[in-house]
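Here are the chains, one letter per residue:
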Amino acid sequence: MSTTPAPESWGRYPASTPHDVITLAWRTQIADAMRSSTRVLAYGLGRSYGDVCLNNDGTLIVTSHLDRFISFDPATGVLRCEAGVSLAAIIDLVVPHGWFLPVTPGTKYVTIGGAIANDVHGKNHHLRGTFGSHVRAFELVRSDGSVRECTPTQHADWFAATIGGLGLTGIISWAEIQLIRIGAPTLDVESIKARSLDEMIAHMVESDASWEYTVSWIDCTQGGDSVGKGSFIRGNFEDEYRIKNSESNQRIKNTESNMLVQVPVVPPNWLLNRTSIKAFNTLYYHKQFNRSKRTRTSIDPFFYPLDVVGGWNKLYGKRGFLQWQCVIPYDGDASVMHHILTEIKRAGMASFLAVLKMFGDKPSPGLLSFPRPGLTLALDFGNDGVPLMRMLDTLDAIVADVGGRIYPAKDAHLSAEHFHTMYPEASRLAAFLDPHCTSTFWQRVHTKVQP
Ligand SMILES: Cc1cc2nc3c(=O)[nH]c(=O)nc-3n(C[C@H](O)[C@H](O)[C@H](O)COP(=O)(O)OP(=O)(O)OC[C@H]3O[C@@H](n4cnc5c(N)ncnc54)[C@H](O)[C@@H]3O)c2cc1C
């Protein structure tokens, strides 16, 4: 075990100072580290945007050095590894054997423990559900020294509480997942321009049966009939690997030191303002001349376009930024999503990254998992203080009113009241909470969910 400087969350907001930071070297140290304080929290790679991975005044237990593979069967695609192994390391190991992650978020610098604790989703949620749906087993260590091997049938209640359990039920020491077969490390991708929200949604609905990966980028500076204007992107892994002579088979290594660009310093807050964001969105929309474009691409640019700019989160300046992601039910009527996007424009807020997706109806295995059927929207907002917080209050209320929810992995703002409304299952989590585990997020939202 060793101590290191205080880790941050990806949004760099809120500022948080843990009392202590313990970096684990071995799985056998977990229980002792948990007993070192009555307020501990596992910390993976800090890719959560808000405060689920922060523990102000408590102890952060850094797991990313628990990065050893335990077993991998190239015949079945079953992989077991320590909880600090990153998705990037898994990709490096398994893709050459014709396997890929069953579900991946938009960055590969995420640990498998973090992926389980937030039950992350990806561009194929409509077909594969969440990451937790592909977890075969994991080991959960508690501060009382007890160790449980959890599977969908063994300690099934602990399995459900820990998937999406925000690191509050104990610390996962290793996990076993089922990978998916791929024919090639390349994808057939189609990008289609959409002029409105209805057009965008129509593309999603039409594509979901035959395209494994679907996602939409939208320009949230648009209003009126153009609300929801943007690009719809769909892709499938190719069946076989062919390298055309004209293609430079550039491979981006899965380590942060090989990122193509690194943001060197924290720039001033005004760099990302409404004008620069509008200009970026216009350029992005028009970079594709034709209405639709078909390309062949490799894993990194398709799944992890942001990973090539190391430390891009610093572009938002010293005050950091907040991501806001909701899911709302969808029954063919997009008026609530239209209302949300119009409200953002009315508030004068702009987001560089506005991503829209349709979640499918595959149930999430976690008690507190975020995804449910409907439309999900994720946006980044530079932290400009009170005006932003007011707008987020309004958006949270709209989402709560229609039976939607906000994603804790992205959140730094949700009130206890709204959390309680959106996650009534949280009261059932109480029986599984480790008495030593807590987080800044939990301190903020838990008061109303005590049994
Ligand atoms: C660019 C970018 C794109 C993203 N895209 C998506 C996306 O498409 N879909 C999506 O769902 N998410 C997405 N995310 C969010 C990210 O996938 C999650 O926040 C993920 O959980 C981060 O994993 P981590 O290893 O960094 O964990 P951390 O952020 O360090 O921790 C997350 C939570 O996991 C807990 N935890 C970590 N390790 C363990 C362990 N061993 N045992 C128990 N609990 C543990 C922590 O206590 C904390 O509650 C994105 C993030 C970024 C930065």
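Residues numbered from 1 in each chain as written. Predicted model: local features only at pLDDT ≥ 70, side-chain atom pairs only at ≥ 80, totals over all residues.

Quick look at the overall build of the protein chain now. When its secondary structure is counted, the protein chain shows 13 helices and 20 strands. When each of the 451 residues of the protein chain is scored for burial, the buried share is 49%. Contacts in the protein chain between residues far apart in sequence, at least 24 positions, make up 75% of those at least 6 positions apart. (Helix = DSSP H or I, 4+ residues; strand = E, 2+ residues; numbered from the N terminus. Buried ≥ 20, exposed ≤ 12 C-beta atoms within 10 Å, placed from the backbone. Contact = placed C-beta atoms within 7 Å.)

To continue, consider the site of the ligand. In the vicinity of the ligand, 33 residues are found, and the nearest of them are G44, P105, G113, G114 and G167. When residues of the shell around the ligand are traced back to their parent elements, those giving at least two are β2 (40-43), α3 (112-117) and β9 (171-178). Per-element tally for the shell around the ligand: the top contributor is α3, with four residues. In the shell around the ligand, the residues fall into 18 nonpolar, 14 polar and one charged. (Near = placed C-beta within 6 Å. Nonpolar A, V, L, I, M, F, W, Y, C, P; charged D, E, K, R; others polar.)

What follows is about the sheet that holds strand β13 (residues 230-237). Ordered in space as β15-β11-β13-β12-β18-β19-β17-β20, the eight strands form an open sheet in which the pairing is antiparallel. Where the open sheet ends on each side, the last strands, each with one partner, are β15 (292-298) and β20 (405-406). Relative to β13, strand β12 (residues 213-218) runs antiparallel, the two being bridged by six bridges. Each bridged residue has a counterpart across the sheet, and for V215 the counterpart in β13 is I233. (Pairing = 2+ DSSP bridges.)

This part is about the sheet that holds strand β3 (residues 59-62). Spatial strand order, β1-β3-β2: three strands in an open sheet with parallel pairing. A single partner strand is all that each edge strand has here, and the edge strands are β1 (20-23) and β2. Strand-to-strand twist across the sheet, computed as the mean angle between neighbouring axes with direction ignored, equals 25°. Bridging between β2 and β3 involves four bridges; their strand directions are parallel. Counterpart to Y43 in the pairing with β3 is V62. (Axes fitted to C-alpha atoms, helices over the stretch in contact; angles between N-to-C directions.)

Let us now look at helix α10 (residues 386-401). One full turn of an α-helix is made of 3.6 residues, so residues set three or four places apart face in the same direction. End to end, α10 covers 23 Å across 16 residues, agreeing with the expected 22 Å (1.5 Å per residue, within 8%). The first or second residue beyond α10 is G403, which carries a positive phi of 80°. (Expected span 1.5 Å × (residues − 1).)

Most of helix α2 (residues 87-94) is tucked away: six of the eight residues are buried. Here α2 has its buried residues at L87, A88, A89, I90, I91 and V94.

We now examine the nonpolar core. Across soluble globular proteins, nonpolar side chains show a tendency to be buried alongside one another. Within the largest apolar cluster, 121 residues are counted, with the highest numbers of intra-cluster contacts made by I61, I90, I116, F138, A175, M200 and L375. For F138, the residues in contact, after removing those within four places along its chain, are I116, C150, I172, W174, A175 and E176. (Core = buried A, V, L, I, M, F, W, Y, C linked by C-beta atoms within 7 Å.)

Positionally, N118 belongs in the loop between α3 and α4 (125-128). When the C-alpha positions of N118 and P408 are compared, they lie 7.8 Å apart, and in sequence the two are 290 residues distant.

Right, let's talk about unusual backbone geometry for a bit. Cis geometry is found at the peptide bond from Y13 to P14, where omega equals 0°. Among the secondary structure elements, P14 is positioned in the segment before β1. A positive phi angle, close to 60°, is found at R12, a residue other than glycine. Looking at where R12 falls in the secondary structure, it is placed in the segment before β1. R12 sits in the buried class, given 22 other C-beta atoms within 10 Å. At H155, a position not held by glycine, the phi torsion is positive, near 50°. Inspection of the secondary structure puts H155 in the loop between β8 (147-150) and α5 (156-162).

So, on to the pairing of strand β11 (residues 186-194). Where β11 lies against β15, seven bridges are found, and the strand directions are antiparallel. The residue bridging S191 from the neighbouring strand is K293, located in β15. Note: β11 against β13, eight bridges, orientation antiparallel. Pairing of L187 across the sheet is with F237, part of β13.

Right, let's talk about the environment of E199 for a bit. Positionally, E199 belongs in helix α6 (residues 197-207). Under the C-beta neighbour-count criterion, E199 is labelled partly exposed, with 15 such atoms within 10 Å. The sequence separation of E199 and G230 amounts to 31 residues, and the corresponding C-alpha distance is 9.8 Å.

Next up on the list: the environment of S276. Position of S276 relative to the elements: it lies in helix α7 (residues 274-286). Along the sequence, S276 and F352 sit 76 residues apart, while their C-alpha atoms lie 9.1 Å from each other.

Let us look at the packing of helix α9 (residues 335-346) against α10. Axis separation between α9 and α10 bottoms out at 10 Å; the angle between their running directions is 175°. In terms of orientation, α9 lies roughly antiparallel with respect to α10. Of the residues in α10, those in contact with V336, H339, I340 and E343 of α9 are T394, L395 and I398. (Parallel < 35°, antiparallel > 145°, perpendicular 65-115°, else oblique.)

So, on to the confidence of the model for the protein chain. Detailed reading of predicted coordinates is not advised where the pLDDT is low. Per-residue confidence for the protein chain gives a mean pLDDT of 91, with 89% of residues at or over 70. Considering only residues more than four positions removed or in separate chains, one finds that residues 248-258, a stretch of pLDDT under 50, has 12 contacts. (pLDDT = per-residue confidence, 0-100.)

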